Every structure is written in C-alpha cells, then in structure tokens.
Amino acid sequence: MISIIIPCYNDAHNLPKLVQSIRTACSFPEIIVVDDGSQSPVPPSRDYKLVRQSNQGPGIARNTGVAHATSDLVFFCDCDIQLAPGILDKLQNKLESTPGAVLAFGDFIWDRVKYTLGPYSYSRLLNEPIISAISLVRKEALLPFRDMKYEDWDEYLRMLNPEKYPGRIAAYLSEVV
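Residues numbered from 1 in each chain as written. Predicted model: local features only at pLDDT ≥ 70, side-chain atom pairs only at ≥ 80, totals over all residues. Heavy atoms only, no water.

Caption draft 1: Seen up close, the overall build of the protein chain. Each helix and strand counted, the protein chain has 5 helices and 8 strands in total. Shown N-terminal to C-terminal, the secondary structure of the protein chain runs as helices and strands in the order β-α-β-β-α-β-α-β-β-α-β-α-β. A compact globule built from 177 residues should have a C-alpha radius of gyration of about 16 Å, and the protein chain, at 15 Å, falls within 12% of that. A principal-axis box enclosing the C-alpha atoms of the protein chain has dimensions of 40 × 30 × 30 Å. The 177 residues of the protein chain split such that 50% are buried. If you take every contact in the protein chain between residues at least 6 apart in sequence, the share linking residues at least 24 apart comes to 68%. For the protein chain, the accessible surface area stands at approximately 8,800 Å², while carbon and sulfur atoms represent 53% of it. (Helix = DSSP H or I, 4+ residues; strand = E, 2+ residues; numbered from the N terminus. Rg over C-alpha atoms; globule rule 2.2 N^0.38 Å. Buried < 20%, exposed > 50% of the residue type's maximum accessible area, 1.4 Å probe, protein only. Contact = heavy atoms within 4.5 Å. Areas by Shrake-Rupley, 256 points an atom, 1.4 Å probe, with all protein chains shown as cover.)

Caption draft 2: Broad picture of the pairing of strand β4 (residues 73-76). Neither face of β4 is exposed, since Leu73 and Phe75 on one face and Val74 and Phe76 on the opposite face are all buried. Pairing between strand β1 (residues 2-8) and β4: 3 bridges, direction parallel. Considered in β4, the bridge of Ser3 is made with Val74. Across 3 bridges, the pairing between β4 and strand β7 (residues 136-138) is antiparallel. Within the sheet, the bridge partner assigned to Val74 lies in β7 and is Val137. (Pairing = 2+ DSSP bridges.)

Caption draft 3: The arrangement of the environment of Tyr120 in detail. Checked against the element boundaries, Tyr120 lands in the loop between β6 (113-115) and α4 (122-127). Spatially, the C-alpha atom of Tyr120 lies 6.1 Å from that of Ala170, the residues being 50 residues apart in sequence. Setting aside residues no more than four positions away along its own chain, Tyr120 makes contact with Phe105, Leu125, Ile130, Ile131, Leu160, Arg168, Ile169, Ala170 and Tyr172.

Caption draft 4: Layout of unusual backbone geometry. Here the phi dihedral of Asn10 falls at roughly 55°; this positive angle occurs in a residue that is not glycine. With respect to the secondary-structure elements, Asn10 resides in the loop between β1 and α1 (15-25). Phi at Arg112 takes a positive value of approximately 65°, unusual for a residue other than glycine. Arg112 sits in the exposed class, given a relative accessible area of 83%.

Caption draft 5: Region of the structure containing the packing of aromatic side chains. Applying the stated criterion across every chain, the model contains 2 aromatic pairs. With 5.4 Å between their ring centres and 45° between their planes, Phe105 and Tyr172 make a pair best called tilted. With a gap of 67 residues between them, Phe105 in strand β5 (residues 101-110) and Tyr172 in strand β8 (residues 169-176) connect regions that are remote in the sequence. Each member of the pair, Phe105 as well as Tyr172, is classed as buried. The interplanar angle of 15° and the centroid separation of 5.0 Å between the aromatic rings of Phe108 and Tyr115 together place this pair among those described as stacked. The exposure class of Tyr115 is partly exposed, given its relative accessible area of 32%. Over the face of the ring belonging to Tyr165 we find Arg168, whose NZ or CZ atom lies 4.0 Å from the ring centre. (Phe/Tyr/Trp six-rings, centres within 6.5 Å; stacked < 30°, edge-to-face > 60°. Lys NZ or Arg CZ within 6 Å of the ring centre and 35° of its normal.)

Function cannot be read off these values alone, since they describe shape.
This is the structure we're talking about:
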C-alpha cells in the first residue's frame, strides 16, 4: 500500500480526475486529502480520507498528511496532476530494488513540456531541483517539511544529505510520472 498525500487549497474541482488517475496508477492506494483552509471547503468522499486544517501552506499540509498516513511509503502530489497508469507500482518497485534508496522519482510533464530529470546525484541536487515534488518516499526517512517557497527541494536536500545520512540515495525511474 502507498499513502498518497494531496495538499489542497481551493483546488477541489481537480480531485475527481486526480483520484481516478491514482486508481489506475497504484494497486492499493490510501488517499489522504489535506484541505489547507480552502475558501470553498473540499467535500467529503468515500474515495479519500479528508483532513482539514487552517491555511498553513503546502509544506505544513504535507506534514499533516504524513501524520495520518498508515503506509511505510508516502507519495506526494498536487491536485492538478494526472498520473500515468501503473506508475506508482513502478516507482515502488524501483525504490524497493535499489539498495540505499529512500526516495524514487521520475520525469514529469508540466504545461505540456516534458522534464527529463536524469539520474540522481547529491551534487546535482545541491545546484538544481532534480527531484520533483511528486515522489515516492520511505516514511521513516522523512523530516518535517518547512513552510517555504521550495519546501520539497529543501526536504530532499536534508533527507539525502550524505554527511548526516551516509548511503542514502534517490532512485530514478526514466518514465513520466
């Protein structure tokens, strides 16, 4: 099972399509939507666990979602994405078959442009956000997100720091997530 954390702020209209794509992307999802103080509250649904909080930003909403997650694997995504069929199962296989990996990521398409991220290296990560926010992470490796502009990049820099966590790496899947 994978716990899928979806911070949502005034974006509930995108949830039905996202939930549908999650069901094709993952065999056994636990979907957690964190309504981050939306002006139009996210409606309850049998399709996901709904958690409400005052508006605190996406990083804090991710922390809230993680606190409610029951799986050892956590996937973060935004409301406005669509996942490729079977992709979460592929990310899980990549993560579990890569020694030392605490995170798996792949390429993505944003605004009709494909972003090919390429293989992981910490030195590359220091200079550019080569890991997108839509990544599969071992829950045990997560540190609390901080509320800042690039909270996902900051999280991955801290989580994969080779001086603090020798041997930790990120696994790259050369497919569009």
